[in-house]
Amino acid sequence: MKGGFTGGDEYQKHFLPRDYLATYYSFDGSPSPEAEMLKFNLECLHKTFGPGGLQGDTLIDIGSGPTIYQVLAACDSFQDITLSDFTDRNREELEKWLKKEPGAYDWTPAVKFACELEGNSGRWEEKEEKLRAVVKRVLKCDVHLGNPLAPAVLPPADCVLTLLAMECACCSLDAYRAALCNLASLLKPGGHLVTTVTLRLSSYMVGKREFSCVALEKEEVEQAVLDAGFDIEQLLHSPQSYSVTNAANNGVCFIVARKKPGP
């Protein structure tokens, strides 16, 4: 795309949460690539955090954007969840939903689908309240910092989750590799990284504005996770893609990885 990589300043000034939500999370019941991508992620997260899956005390979601769907499966398995994002507007959107303020985004379709996966679609309101209860804080994050949550300092977490965010925050493979090491610093030894990365994606649209990404290959993502000090426990490649991206991408990669014990 023209004009160079869209960094943090551009996100702070120009990333509009409602345009993003309308583009990628507006569901009227008809099939769409965006709806299928959401279902794919919810299914992967259900398998990861559902019965017999990952659990613990603390989970940190990095690059939450204005969305909460990514922690629906985890809210029954972790007692203390942190949401985080770089931009003020996205954090304000999260707080609006958490506090049930007028005009908060309606996540009902996603919550109902998550509950269907759990075998009880009727408990969606209970699910929302459980999530609101276990999200303890919404923080600013910057994956390029040694402590991505600075100035906040949290105890090492049992799980770090980051979905469809790192490829948007990093301008190069080297930056992505460094950012993964920064995320690893937030985890306990033996803690887990859970991530979805869109592959071969160089840009995406939010409303009428284009934001850039680093185009990553599956093998590059896999090697970067290994080099950041993780053992990969699950790697799932799917051809799922969005309809409003540059269309040259090659699906998504969902990874569950365990941080190796330190020396």
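Residues numbered from 1 in each chain as written. Predicted model: local features only at pLDDT ≥ 70, side-chain atom pairs only at ≥ 80, totals over all residues. Heavy atoms only, no water.

If you look the chain up in an unreviewed UniProt entry, it shows as Indolethylamine N-methyltransferase from Pan paniscus.

Asks: Give me empty space enclosed by the protein: which residues, what numbers.
Replies: Within the structure shown, the criterion is met by one cavity of 30 Å³ or more. Surrounding the largest cavity, L42, L45, H46, Y69, Q70, L72, A73, A114, L117 and E118 form its lining. Of all the secondary-structure elements, those providing two or more residues to the lining of the largest cavity are α3 (33-49) and α5 (108-117). Per element, the largest residue contribution to the lining of the largest cavity is three residues, and it comes from α3. Per-class residue counts for the lining of the largest cavity are seven nonpolar, two polar and one charged. (1 Å grid on protein atoms, 1.4 Å probe; cavity = no way out; pocket = protein on both sides within 12 Å on 5 of 7 lines; lining within 4 Å. Points joined across faces, edges and corners; volume = space filled by probe spheres on them. Helix = DSSP H or I, 4+ residues; strand = E, 2+ residues; numbered from the N terminus. Nonpolar A, V, L, I, M, F, W, Y, C, P; charged D, E, K, R; others polar.)

Asks: I'd love a proper account of the UniProt feature "binding site: S-adenosyl-L-methionine" (unreviewed entry) in the chain, names of residues and values included.
Replies: UniProt feature "binding site: S-adenosyl-L-methionine" (unreviewed entry): in the numbering of this structure it lies at Y20, Y25, G63, S64, Y69, D85, N90, D142 and V143. The greatest C-alpha distance among the annotated residues, which extend across 124 residues, is 24.2 Å, indicating that they are dispersed rather than converging on a single site. Set against the largest cavity, the annotated residues named above that line it are Y69. When you line up the elements, D85 lands in strand β2 (residues 78-85). On the basis of relative accessible area, D85 is assigned to the buried category, the value being 8%. Ignoring sequence-local partners within four residues, the contact set of D85 consists of G63, S64, G65, N90, R91, L139, K140 and C141. Within the structure, D85 has its side chain in polar contact with the backbone nitrogen of T87 (distance 3.1 Å). With respect to the element layout, N90 can be found in helix α4 (residues 88-98). (UniProt positions renumbered as here; feature names shortened; annotations may be inferred. Buried < 20%, exposed > 50% of the residue type's maximum accessible area, 1.4 Å probe, protein only. Contact = heavy atoms within 4.5 Å. Polar contact = N/O pair within 3.5 Å; in protein donor to acceptor, adjacent residues only side chain to side chain.)

Asks: I'd like to hear about helix α8 (residues 173-184), residue by residue, with values.
Replies: With 12 residues, α8 ought to run about 16 Å at 1.5 Å a step, and its terminal C-alpha atoms sit 17 Å apart, in line with that. All of the buried residues along α8 are A175, Y176, A179, L180, N182, L183 and A184. (Expected span 1.5 Å × (residues − 1).)

Asks: If you had to explain the packing of α8 against helix α9 (residues 218-227) to someone new, which residues and values would you point to?
Replies: Between α8 and α9, the shortest axis-to-axis distance is 9 Å and the interhelical angle comes to 40°. Considering the relative orientation of α8 and α9, their crossing is right-handed. Note on element contacts: α9 touches α8 through E220, V221, Q223, A224, V225 and D227, opposite L173, Y176, R177 and L180. The class makeup of the residues in the contact of α8 with α9 is six nonpolar, one polar and three charged. (Axes fitted to C-alpha atoms, helices over the stretch in contact; angles between N-to-C directions. Left-handed = near helix turned anticlockwise from the far one by under 90°.)

Asks: Lay out the layout of surface pockets in plain terms, naming residues and giving numbers.
Replies: Approximately 640 Å³ is the volume found for the largest pocket. Y11, D85, A165, C168 and A169 are, among the 39 residues lining the largest pocket, the residues nearest its centre. Mapped by element, the contributors of at least two residues to the lining of the largest pocket are α1 (8-14), α2 (17-24), β4 (157-163) and α7 (166-169). If one sorts the elements of the lining of the largest pocket by residue count, α7 sits on top with four residues. Looking at the lining of the largest pocket, its residues break down into 21 nonpolar, 14 polar and four charged. Of the voids in this model, the second largest pocket is the one considered here, and its volume is about 250 Å³. Taken together, 13 residues make up the lining of the second largest pocket; nearest its centre are F27, A35, K39, P109 and F113.

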